[in-house]
Amino acid sequence: MSEQVAPPSAPQAAQPDPAPQADPAAPAPQADPAAPAASPVEPAAKGSGGRKALGIIGAVVVFLVVAGLKFGLGTAIGSFLNKDETAEAKAGDCIAELPAVTGTEERSVSSAEVVKCTSTEAVYTVVGRVEDQTEAQAKSGQACEQYIKPGEDGYVFYNIAPGGKGYLLCLTKKA
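Residues numbered from 1 in each chain as written. Predicted model: local features only at pLDDT ≥ 70, side-chain atom pairs only at ≥ 80, totals over all residues. Heavy atoms only, no water.

For the rest of this paragraph, the subject is the nonpolar core. With 12 residues, the main nonpolar core is built from A89, I95, L98, A112, V123, Y124, V126, Y155, F157, Y167, L169 and L171. Mapped by element, the contributors of at least two residues to this core are β3 (122–133), β4 (154–159) and β5 (166–173). Of all hydrophobic cores here, the second largest spans 7 residues; its members include V130, A138, A143 and C170. (Core = buried A, V, L, I, M, F, W, Y, C linked by side-chain atoms within 4.5 Å. Buried < 20%, exposed > 50% of the residue type's maximum accessible area, 1.4 Å probe, protein only. Helix = DSSP H or I, 4+ residues; strand = E, 2+ residues; numbered from the N terminus.)

Dropping the structure here:
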């Protein structure tokens, strides 16, 4: 016995009628050229093709994320999300409270911000700004010597990526 599947005869039919059993000796019936060809394999092919495409896209996204993190995209995104509030500071601006330091001590700061000098939050005054400094130059503090008066406590605030160049701010305690 052979079984055949044929498309529904009318577009309104919800399910095709089961095909009558054919005599194995009889010639196979000819398909109606006007009727759409049935392809029971198509839905499975589309589904698996879609899954393959999603798998490929997922692999590409994972690769881009890993490559971005390895080659600095993470730093760029982090800089965008954690904007450096002091990047535009200039002489005459004021900075809010920073961790206390003495001598050659250094402290990391994560939330420095420029505030109005009339604000009660203003603790430091920017007396100078120096560009294109390396981390070693910033740590030496020599670039700020010209901005700090003799006998005045001076502070150096900088934001420089390791191995790169950046700016430093020369600060004094607000009077």
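Next comes the rest of the account.
A few words now on a nonpolar patch on the surface. A cluster of nonpolar side chains, contributed by I56, V60, F63 and L64, occupies part of the molecular surface with about 430 Å² of accessible area. If you trace the backbone, L64 turns up in helix α1 (residues 42–70). Looking at L64, the relative accessible area reads 51%, which means it is exposed. (Patch = residues over 30% accessible without salt bridge, like charges linked within 9 Å, V, L, I, M, F, W, Y side chains within 5 Å. Areas by Shrake-Rupley, 256 points an atom, 1.4 Å probe, with all protein chains shown as cover. Salt bridge = Lys/Arg side-chain N within 4 Å of Asp/Glu carboxyl O.)

On to the state of the cysteines, then. Counted by the stated rule, this structure contains 2 disulfides. Across the disulfide, C94 is cross-linked to C117 (sulfur-sulfur distance 2.0 Å). As the torsion about the S-S bond is roughly 105°, the C94-C117 disulfide counts as right-handed. Of this pair, C94 sits in strand β1 (residues 94–96) while C117 sits in the loop between β2 (114–115) and β3, placing them 23 residues apart in sequence. (Disulfide = S-S within 2.5 Å.)

Scanning the model with the defined rule gives 3 salt bridges in all. The shortest N-O distance in the salt bridge between D93 and K90 comes to 3.6 Å. The class for D93 is buried, based on a relative accessible area of 16%. In this structure, the salt-bridge partner of K139 is E135, at a minimum N-O distance of 3.8 Å. Residue K139 and its partner E135 are both found in helix α3 (residues 135–140); the two are separated by 4 residues, about one turn of the helix. The exposure class of K139 is partly exposed, given its relative accessible area of 49%. For E135, a relative accessible area of 27% translates into the label partly exposed.

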